[in-house]
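# Inside the fold
The primary structure of each chain is shown beneath.
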Amino acid sequence: MRTGDTTGLTPKSSTLTPKMEPPGKRGQKMGAPPGLPLLRVPSAPVCVLAVLLGLHVRGLRCAPFRVLGAAQPVTAALGEDVVLPCGLSPGQDAGAMEVRWFRSRFSVYVHLRHGGRDRFSSQLPEYQGRTELLEEGIPAGNVSLRLLRARLSDEGQYQCLVKDGSFYEEATLELRVAVSGSSPLLSVQGYQDGGILVGCRARGWYPRPEVLWRDSRGRPLPSLTETHAQDPDGFFEVEKSIVIARGGGGAASCAVRSTRLPQEKDSALSISDLVFPRDSPWKVALVATVATCSLSLVAFLFFIFRLRAQHGAELEKRDREIRLLDAEIRKGAAELRWRDTIVPLEEVHVTLDAATAHPQLILSPCGRRVRRGDARLGVPDTPARFDTYHCVLGQEGFTSGRLFWEVDVGAGEGGVWALGVARESVKRKGWINPAPQDGILALFHCGGKFWALTSPDHTALEPPQTPHTIRVYLDFEGQRVTFFDADSRAALFAFPLSPLRGERLRPWFRVGPIAQLSLRGPPDPPRAPSVEEPLIPSCFSLPGGLRAPKGGG
């Protein structure tokens, strides 16, 4: 019974039972000096006192019940379920009683049943989902606890407390956890004292097991050395060595036995008399060396054969992958040829939409080049304009067909840029996450490296050569957008169009420091310029504020 840490619980009256003294010492307890006669007490008060004492003792014995646990420690194997026994005596229905299983602290419990159901608000975290009462036994007073998947940390004392109204009783029991580890590993360690030194090692046991060496008749053999160690998880490794002498038959066995579970694991070995030394130990060393070399040779040959088998399997796997890839390429090429015959491929010439450009982006007059300036331009902040991310959209929008456009991204490793397609309702204000779920399918370049802006992680790309011109191939029929190196015609990456389905799509560009993107335009119509007309496109401004003359003469 506990009274110090149980709020609202009253001590049982049984703790007040007086301790009776031996008859020969009662006089000394009452204060009579040694050697003097005891004082005589009138018989009537003695009778009254005896009656009252009898009634009090009888009242103490009227406790509603007692709580009984296991007299001996309960042992559980690691990872297995175990039942911690606890019950009422005499047996009675405990359905309306409070049943509390706890360890060192009363307030945080292992398991609590109150008001006819289990409570888990203050249950210890390490026991969550691992405890249950034996419901079928509660009407008979059985409040045993089933603990699932026993751990080493579960080892220790448990309190089983049952409370009915203001009366309570508790019992203490101990749980021990045991682990049966590996079988003993025997090793010949060399020559010593005219015999062979043999070691026996086992790992992963708990608690520390017993290690026994026996001869061929089962008699114990004296050990030479014995060591043990405990790893960070609490498991023990033990090793015990003996010297096997000539004349004992050369046979011995090592057994590792659990001190808590009825489990024992053993291994045996037999050593030929030829191995034992006669006049000098060099023969043993020679035999041991030959045996070691033989084992090493066998192990080496086994490793070579296994490596060859693995290499053959890897080559066969690569051949299968190459055949599958070739089949996919052929299938894709056939599909493209079929689509070319059904739906024509159209080249479009994209221009930039200045109304959507970030204020720090500088567009050429013809709307085909964009770079990032050092300061923000004095442009109006409209709902269509990007205000934080340095982006701009294309003027054109698409909902069907098979079309492509090309973008010159320049040479070298400098510049930060991204390009692709976006749905028309893409976010314009604040920071943007350029990802498929936010309506953007694009490639990204920084420091000479390329990524596809997939989610949740970007996909690194390794093109065979650095692209100078990117072709964006938008295929509504095949429901994908593919990026190509326009010079080598090598595919860089393909996105499915499903995240952008149902909306008008527009070209999307992001321009970072140093970068400059140029959109391919239609070829100029052939014409003969006049003498006064400079040979430059009209979308480029002349330096120094010069203007091209309007005509001849």
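Before reading further, recall that the structure is shown in the block above.
Residue positions within a chain follow its written sequence, with the count starting from 1. For a predicted model such as this one, the threshold for reporting local features is a pLDDT of at least 70, and the threshold for listing and counting side-chain atom pairs is 80 or more; totals across whole chains, interfaces and linings nevertheless cover every residue. The side-chain quantities take in all heavy atoms of the structure and omit both hydrogens and water.

### Some points on unusual backbone geometry
The condition is simple: Helix numbers and strand numbers start at the N terminus; a helix is a DSSP run of H or I with at least 4 residues, a strand a run of E with at least 2.
Here Ser89 and Pro90 are connected by a cis peptide whose omega angle stands at 0°. Within the secondary structure, Pro90 sits in the loop between strand 4 (86–89) and strand 5 (98–102). A cis amide bond links Ser455 with the next residue in sequence, Pro456, at an omega value of 5°. By the secondary structure assignment, Pro456 is in the loop between strand 26 (449–452) and strand 27 (459–461). Located in the positive-phi region is Gln479, a residue other than glycine, with phi close to 55°. One non-glycine residue, Arg489, lies in positive phi territory at about 60°. Within the element layout of this structure, Arg489 appears in the loop between strand 29 (480–485) and strand 30 (490–496).

### So, the side chain of Thr131
As a reminder, the rule being used: When a residue's accessible area, from a 1.4 Å probe over protein chains only, is under 20% of the maximum for its type it is buried; when over 50% it is exposed; and in between it is partly exposed. It only takes one pair of heavy atoms within 4.5 Å for two residues to be counted as in contact.
Mapping Thr131 onto the fold places it in strand 8 (residues 131–133). Take Thr131: its relative accessible area is 12%, and that puts it in the buried class. Excluding residues within four positions of it along the chain, Thr131 makes contact with Val110, His111, Gln123, Leu145, Arg146 and Leu147.

### Focus: the pairing of strand 18 (residues 264–270)
Quick reminder of the rule: Strand pairing follows a simple DSSP-based rule, namely that at least 2 bridges must link the two strands.
Strand direction decides the pairing type here: strand 17 (residues 251–257) and strand 18, joined by 7 bridges, are antiparallel. Directly across from Ser253, in strand 18, lies its bridge partner Ala268. What sits between strand 17 and strand 18 in their antiparallel hairpin is a turn of 6 residues.

### As for the nonpolar core
The tendency in soluble globular proteins is for nonpolar side chains to be buried side by side. Our working rule: Only buried Ala, Val, Leu, Ile, Met, Phe, Trp, Tyr and Cys residues count toward a nonpolar core, and they belong to the same one when joined by side-chain atoms within 4.5 Å.
Counting residues in hydrophobic clusters, the biggest one holds 36 residues, and the most contacted among them are Trp405, Leu419, Leu474, Val481 and Phe483. Not counting chain neighbours up to four residues away, the residues in contact with Trp405 comprise Val348, Val350, Phe398, Gly420, Val421, Ile470, Arg471, Val472, Leu474 and Pro507. Counting 29 residues, the second-largest nonpolar core is a separate cluster that includes Val74, Leu84, Cys86 and Val110.

### Overview of the packing of aromatic side chains
Keep this limit in mind: The rule is short: rings of Phe, Tyr and Trp, with Trp giving its six-membered ring, pair when the centres are within 6.5 Å, and they are stacked under 30 degrees, edge-to-face over 60, tilted in between.
Enumeration according to the criterion identifies 11 aromatic pairs in this entry. On the numbers, 6.3 Å between centres and 50° between planes, the contact of Tyr473 with Phe484 is tilted. Taken together, the residues span a long stretch of sequence, with Tyr473 in strand 28 (residues 469–475) and Phe484 in strand 29 at a distance of 11 residues. Classification of Tyr473 as buried rests on a relative accessible area of 7%.

### Digging into the pairing of strand 12 (residues 185–192)
Here strand 12 pairs with strand 13 (residues 195–205) via 7 bridges, running antiparallel. Residue pairing for strand 13: Tyr191 is matched across the bridge by Ile196. What sits between strand 12 and strand 13 in their antiparallel hairpin is a turn of 2 residues, with Asp193 showing a positive phi close to 55°.

### Side note on the sheet that holds strand 14 (residues 210–215)
Put simply, the rule is: Working convention: axes come from line fits to C-alpha atoms, limited for helices to the stretch in contact. Angles between N-to-C directions cover 0 to 180 degrees.
Pairing in this open sheet of 3 strands is antiparallel, and the strands run 14-17-18 from one edge to the other. Each of the sheet's edge strands pairs with one partner strand only, and the pair in question is strand 14 and strand 18. Pairs of neighbouring strands in the sheet enclose a mean axial angle of 20°, with direction left out of account.

What is shown is where atoms sit, not what they do.
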